[in-house]
Amino acid sequence: MVNVFDGKKFTQKKERELTKDFSQLPVKRQRLRLVDILLGENPAANLYVNLKKQVAQRVGINFEIIKLPQGFSKKKLFALVQKLNRDKEVGGVMFQLPLLGLSKKDQLEIINVINFRKDVDCLTSQNLGRLMSGGSSFLPATVEAIIQILNHTEAGNHNLLGKKIVIVGRSNIVGKPLAVFLINQGATVTVCHHQTKELIRYTKTAEILISATGKHNLINKDMVSSGVVVIDVGSPKGDVDFGQVKERSDFITPVPGGVGPVTIVCLLNNFIKLLKYDKSTFGL
């Protein structure tokens, strides 16, 4: 019988752990703000940012949302991030991605302005570089969420050695850093994307299939083997045809209610790691 992951139940336990962990920090550290920058009017992004704030407030974290109009110049964004870097009352900075109206190149340049010690989402080149070299266990929040969920299954971290894992999606936020982390754990990893020719040839080989393309219902039942573990990171509606694929899966995450809520608690856990900061956080 398929095991459908319950993200709400999982994160309730994690929230209690985070609340306890945060409360044990020095009071001065607890006062530091976590700043999330939202560019442009995107209802889905706005909803997600507000969800992050709600969870942060329950944990006790001082969460600030900065909403900017689409068209806000790259120069002004640079200046804003540099100001937050200097602000001693700010412990963490992140953007709600993607940044509407900006190219991927511009987005990367802006993210790289964030001081790596305030980079909650682990997306600056410094933090990703340390991850790629195997010198850091500080992970992008969505990657950490996927690993936490895998650890919740029979295919957990202690069993990843030699596992055939197929990742569909090659972004800097999920696909690339996830692939490197799993390779470092000894898994056999294949990275595809929605334009991969004969994608089914690869997905059918997977013991663990992780899809993060944002292409609704990209993965159907004919593309997976019986007994597969399926992690759906697609947003906002899911990459996986849930109704079909769950019938062939041993374990599957739904959308919504799967990876999304776990990503939020992992993001807040990253913030707490930064507040605890020691050199080992970044593999220094």
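Residues numbered from 1 in each chain as written. Predicted model: local features only at pLDDT ≥ 70, side-chain atom pairs only at ≥ 80, totals over all residues. Heavy atoms only, no water.

Colleague: Which residues make up the packing of helix α7 (residues 141-151) against helix α8 (residues 175-184), and what values go with them?
Modeller: Packing of α7 against α8 leaves a shortest axis separation of 9 Å and a crossing angle of 45°. Judged by the inter-axis angle, α7 sits oblique to α8. In this structure, α7 crosses over α8, and the sense of that crossing is right-handed. Contact with α7, carried on its side by V143, I146 and I147, involves P177, L178, F181 and L182 of α8 and no other residues of that element. Looking at the contact of α7 with α8 residue by residue, the class counts come to seven nonpolar, no polar and no charged. (Axes fitted to C-alpha atoms, helices over the stretch in contact; angles between N-to-C directions. Helix = DSSP H or I, 4+ residues; strand = E, 2+ residues; numbered from the N terminus. Parallel < 35°, antiparallel > 145°, perpendicular 65-115°, else oblique. Left-handed = near helix turned anticlockwise from the far one by under 90°. Contact = heavy atoms within 4.5 Å. Nonpolar A, V, L, I, M, F, W, Y, C, P; charged D, E, K, R; others polar.)

Colleague: Describe the sheet that holds strand β7 (residues 208-211), with residues and values.
Modeller: Across a sheet, strands are paired by hydrogen bonds formed along the backbone, either parallel or antiparallel in direction. On the basis of which strands lie adjacent, the open sheet formed by six strands has the order β1-β9-β8-β7-β5-β6 and parallel pairing. What marks the edges here is a single partner per strand, and that holds for β1 (3-4) and β6 (188-192). When strand β8 (residues 228-232) meets strand β9 (residues 249-252), the two strands line up parallel, connected through three bridges. Bridge pairing in β9 links V230 to I252. The sheet contacts of α7 involve β7, β8 and β9, and relative to β8 the element is tilted by about 150°. Relative to strand β5 (residues 164-168), α8 is tilted by about 170°, and along the sheet it contacts β5, β6 and β7. (Pairing = 2+ DSSP bridges.)

Colleague: Account for the packing of aromatic side chains, with residues named and values stated.
Modeller: If you walk through the whole model with that rule in mind, you get two aromatic pairs. Taking 6.1 Å as the distance between ring centres and 50° as the angle between the ring planes, the aromatic pair formed by F5 and F251 counts as tilted. Taken together, the residues span a long stretch of sequence, with F5 in the loop between β1 and α1 (7-23) and F251 in strand β9 at a distance of 246 residues. For F5, a relative accessible area of 3% corresponds to the buried category. Of the residues examined, F251 reaches a relative accessible area of 3% and is grouped as buried. Through a chain of ring-to-ring contacts, three or more aromatic side chains come together here, namely F5, F10 and F251. Sitting over the face of the ring of F72, K76 holds its NZ or CZ atom 5.9 Å from the ring centroid. Its end group placed over the ring of F116, R130 keeps NZ or CZ at 4.7 Å from the ring centre. (Phe/Tyr/Trp six-rings, centres within 6.5 Å; stacked < 30°, edge-to-face > 60°. Buried < 20%, exposed > 50% of the residue type's maximum accessible area, 1.4 Å probe, protein only. Lys NZ or Arg CZ within 6 Å of the ring centre and 35° of its normal.)

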